[in-house]
Amino acid sequence: MAFGRQPLRNEFSWSKSRHEKLAECARQYFFHYYASWGGWERGAAPEVKELYTLKKLTARAPWAGSTVHDTIKRALTLVRDGQPADPRELVDRTRARMRAEFRESREKAYRQRKAFGLVEHEYDEPLPDEVWRDNWALVERCIEAFFASRWLSIASDLQPERWLPIDELGSFSFEGTKIFAAPDFAFRTADGGVVVVDWKTGQKRESDREQLRGYAIYARETWGVPLDRIECRVVYLPSLEEVEVRVDESEVAAFSERMKASIENMLSLLVDRDANVATAENFPPTDDEKACARCVFRRPCKG
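Just so it is clear, the model here is predicted, and its values are computed rather than measured. (Residues numbered from 1 in each chain as written. Predicted model: local features only at pLDDT ≥ 70, side-chain atom pairs only at ≥ 80, totals over all residues. Heavy atoms only, no water.)

Q: Would you take a moment to explain the environment of E242 for this structure?
A: Here E242 shows up in strand β7 (residues 241-245). Along the backbone, E242 and V194 are 48 residues apart, and their C-alpha atoms lie at a distance of 17 Å. In this structure, E242 is in contact with R150, W151, R233, V234 and V235, ignoring residues within four places of it in sequence. A distance of 3.0 Å separates the side chain of E242 from the side chain of R150, its partner in a polar contact. (Helix = DSSP H or I, 4+ residues; strand = E, 2+ residues; numbered from the N terminus. Contact = heavy atoms within 4.5 Å. Polar contact = N/O pair within 3.5 Å; in protein donor to acceptor, adjacent residues only side chain to side chain.)

Q: Looking at this model, I keep getting lost on unusual backbone geometry. Mind explaining?
A: The phi torsion of most residues other than glycine is negative, and most of the peptide bonds are trans. The residue D124 is not glycine, and still its phi comes out positive at about 50 degrees. Here the phi dihedral of D167 falls at roughly 50 degrees; this positive angle occurs in a residue that is not glycine. Assignment of secondary structure puts D167 in the loop between α8 (151-156) and β2 (170-174).

Q: Mind showing me how you'd approach the pattern of salt bridges here?
A: Two side chains with opposite charge may pair up if their charged atoms get near one another. Tallied over the full model, the rule gives 37 salt bridges. R113 is paired through a salt bridge with E104; the nearest N and O atoms lie 3.3 Å apart. In this structure, K204 and E241 form a salt bridge, with 2.9 Å as the shortest nitrogen-oxygen distance. Placement of the pair is K204 in the loop between β5 (194-200) and α9 (206-223) and E241 in strand β7, with a sequence separation of 37 residues. (Salt bridge = Lys/Arg side-chain N within 4 Å of Asp/Glu carboxyl O.)

Put into structure tokens, the structure is as follows:
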């Protein structure tokens, strides 16, 4: 007997990025997490497919950030596996990758197949070449800063059993809600603690600290390490400034309350909490013109 593939269920979950998307614009949040759901299916409605295509686009700043993270992940993976991580080779490899992605996006290949796409190309934004050169310069500077930092040396000295997953998406349960987390770099210390490091390519934000508090809970729940044995650090690569984030019981308890409030706010907007069903009426668009100008959904939202 042949059995058909069961359709994926849109399950409710929470993450820092989901929280920030709702805070910026409720309609954008609705498009991203609900209206575009199933857009990858062959039989999806055209408007759903369009929203899904737009959802997969990125902008030049987060493109730079994700590229830096991918390159650092590769460097750390090579070191973990006992192979050399050559800075020049990785920079050259990253440049070639970004050039290929840029061409793919400029040609709007994502409209015909699974391919990389930038929102700037989708909306034909007239950006001078120097803007793109600056974007690459930031990527190169951040990669070089990582290699100049102390962290590659620390990684090189780690015993195999002290490595933890490198920038891999994981989750834990918080009062029945799945919480997603993906620490950039984490390892066990010789005395049984854990160090969690997060790379940043932009300016300092308070939300960076919030993200690390979430990672501390993840480390406690997933790796069984008490909070007083967890060290969390944000490394701002452009300047190589490091910030240690307090993750004691009081800080994490306060963060948990903020996360709980965010979850409740999200659920309160649904027409069916159990089925995770939403309607556009409960998610009005923002009146912040700057937020609209950088939104991937600006066309369907206005149309």
